Amino acid sequence: QKEVEQNSGPLSVPEGAIASLNCTYSDRVSQSFFWYRQYSGKSPELIMSIYSNGDKEDGRFTAQLNKASQYVSLLIRDSQPSDSATYLCAPRGQAGTALIFGKGTTLSVSS
Amino acid sequence: KAGVTQTPRYLIKTRGQQVTLSCSPISGHRSVSWYQQTPGQGLQFLFEYFSETQRNKGNFPGRFSGRQFSNSRSEMNVSTLELGDSALYLCASRVETGGSYEQYFGPGTRLTVT
């Protein structure tokens, strides 16, 4: 049974701070990792993908991957109230397999 | 390019009835996955279709079924509805090119079973 673990939160940060969201996964063959953002009442939206160990930056977002530790994280710099949402982590295993999601971490950014 | 579309957006059914949900993927995407999302269980994988064939299946009872047509449009069916089937049903289409993988969700169908 492949498992994806995320702290459900809520994670509360003040506006302008760095929000750090973490995810661990059990499937050692996972090669690709995805972060989705889901606003209340909306469907998940793809915001980041990472395929190699290390950091990947995209605007205010940085994804960090450590395959040896089976750990992936998402940092949001200069957090804004509009970042308040649930963030879902999804590792992908072998080619042809489906994305399996964690239950998500709810982020609340206060102004 | 148009996104993933799902119909209907909202549905109310009675326990014991059956329901069919429809999904049209992004143009050019041949893979369609279905997920069930509930507050308690999160986003759970139902099944995936690729080129009209079911390629992956989650851990759901046989009451949940799906199919994909030659134009990549997909339907999922739930028979003998139970109260616990009330959920947001999400369809996602994806494309895999040169090692990259992108999956996009539709707006979902909110199913309420009374």
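Preceding this paragraph is the structure being described.
First, a word on what this report is: a plain description of the structure on this page. (Residues numbered from 1 in each chain as written. Chains lettered and ligands numbered in written order. Predicted model: local features only at pLDDT ≥ 70, side-chain atom pairs only at ≥ 80, totals over all residues. Heavy atoms only, no water.)

1. Focus: the overall build of chain B
For chain B, the helix and strand inventory stands at 0 helices and 11 strands. For chain B, the α and β elements follow one another from N to C terminus as β-β-β-β-β-β-β-β-β-β-β. Relative to the 2.2 N^0.38 estimate, which gives 13 Å for 114 residues, the radius of gyration of chain B is 14 Å and therefore close to what a compact globule would have. Dimensions along the principal axes, computed over C-alpha positions, put chain B at roughly 45 × 30 × 25 Å. Taken across its 114 residues, chain B has 48% of its residues classed as buried. Of the contacts formed within chain B by residues at least 6 apart in sequence, a portion of 53% connects residues at least 24 apart. Element-wise, carbon and sulfur atoms account for 48% of the exposed surface of chain B, whose accessible area totals about 5400 Å². Here chain B contributes 12 positive and 7 negative side-chain charges, whose respective centroids are spaced 5 Å apart. (Helix = DSSP H or I, 4+ residues; strand = E, 2+ residues; numbered from the N terminus. Rg over C-alpha atoms; globule rule 2.2 N^0.38 Å. Buried < 20%, exposed > 50% of the residue type's maximum accessible area, 1.4 Å probe, protein only. Contact = heavy atoms within 4.5 Å. Areas by Shrake-Rupley, 256 points an atom, 1.4 Å probe, with all protein chains shown as cover. Lys, Arg positive; Asp, Glu negative; His and termini not counted. Charge placed at Lys NZ, Arg CZ, Asp CG, Glu CD.)

2. Quick look at the interface of chain B and chain A
With 20 residues of chain B in contact, the opposing surface of chain A contributes 16 residues. Roughly 1500 Å² of surface becomes buried between chain B and chain A when both sides are summed, with 55% attributable to carbon and sulfur atoms. Looking at the side of chain B facing chain A, the largest losses of area belong to Leu43(B), Tyr101(B) and Phe105(B), adding up to 35% of the total buried there. Looking at the side of chain B that touches chain A, the elements with two or more residues in it are strand S4 (31–38), strand S5 (42–50), strand S6 (53–57), strand S9 (87–97) and strand S10 (100–105) of chain B. Sort the elements by how many residues they give to the side of chain B that touches chain A and S10(B) lands first, with 5 residues. (Buried area = accessible area lost by both parts, 1.4 Å probe.)

3. Side note on the pattern of salt bridges
Residues and elements named next belong to chain B. What the rule picks out here adds up to 9 salt bridges over all chains. In this structure, Arg55 engages Glu48 in a salt bridge whose closest nitrogen and oxygen atoms are separated by 2.9 Å. Relative accessible area serves as the criterion here: at 33%, Arg55 is assigned to the partly exposed category. Between Asp85 and Arg63 there is a salt bridge, and its shortest N-O distance comes to 2.8 Å. Of this pair, Asp85 sits in the loop between strand S8 (74–78) and S9 while Arg63 sits in the loop between S6 and strand S7 (64–68); the two residues are 22 residues apart in sequence, bridging distant segments of the chain. (Salt bridge = Lys/Arg side-chain N within 4 Å of Asp/Glu carboxyl O.)

4. Thoughts on the side chain of Thr62(A)
Residue and element names in this part refer to chain A. Tracing the sequence through the fold places Thr62 in strand S7 (residues 61–66). A relative accessible area of 6% means that Thr62 is categorised as buried. A distance of 2.6 Å separates a polar atom in the side chain of Thr62 from a polar atom in the side chain of Arg77. Among residues more than four places away in sequence, those in contact with Thr62 are Met48, Asp55, Lys56, Glu57, Ser73, Leu74, Leu75 and Arg77. (Polar contact = N/O pair within 3.5 Å; in protein donor to acceptor, adjacent residues only side chain to side chain.)

5. Examining the packing of aromatic side chains
All names here are of chain A. By the definition in use, this model includes 11 aromatic pairs over all chains. With 6.0 Å between their ring centres and 90° between their planes, Phe34 and Tyr51 make a pair best called edge-to-face. Taken as a pair, Phe34 in strand S4 (residues 32–38) and Tyr51 in the loop between strand S5 (45–50) and strand S6 (54–58) lie far apart in primary sequence, 17 residues in all. Residue class for Phe34 comes out buried when judged on its relative accessible area of 0%. (Phe/Tyr/Trp six-rings, centres within 6.5 Å; stacked < 30°, edge-to-face > 60°.)

6. Quick look at unusual backbone geometry
Residue Gly9(A) is joined to Pro10(A) through a cis peptide bond whose omega torsion reads 10°. Assignment of secondary structure puts Pro10(A) in the loop between strand S1 (4–5) and strand S2 (11–14). Put simply, Thr7(B) and Pro8(B) share a cis peptide bond, and its omega is -15°. Relative to the helices and strands, Pro8(B) resides in the loop between strand S1 (5–7) and strand S2 (10–13).

7. Description of the sheet that holds S7(A)
Residue and element names in this part refer to chain A. Strand order in the open sheet formed by 5 strands is S1-S3-S8-S7-S6, and the pairing between neighbours is antiparallel. Each of the sheet's edge strands pairs with one partner strand only, and the pair in question is S1 and S6. Bridge count between strand S3 (residues 19–25) and strand S8 (residues 71–76): 6 bridges; the pairing is antiparallel. From the neighbouring strand, Ser20 faces S8, where its bridge partner is Leu75. (Pairing = 2+ DSSP bridges.)

Coordinates in, geometry out; function isn't part of it.
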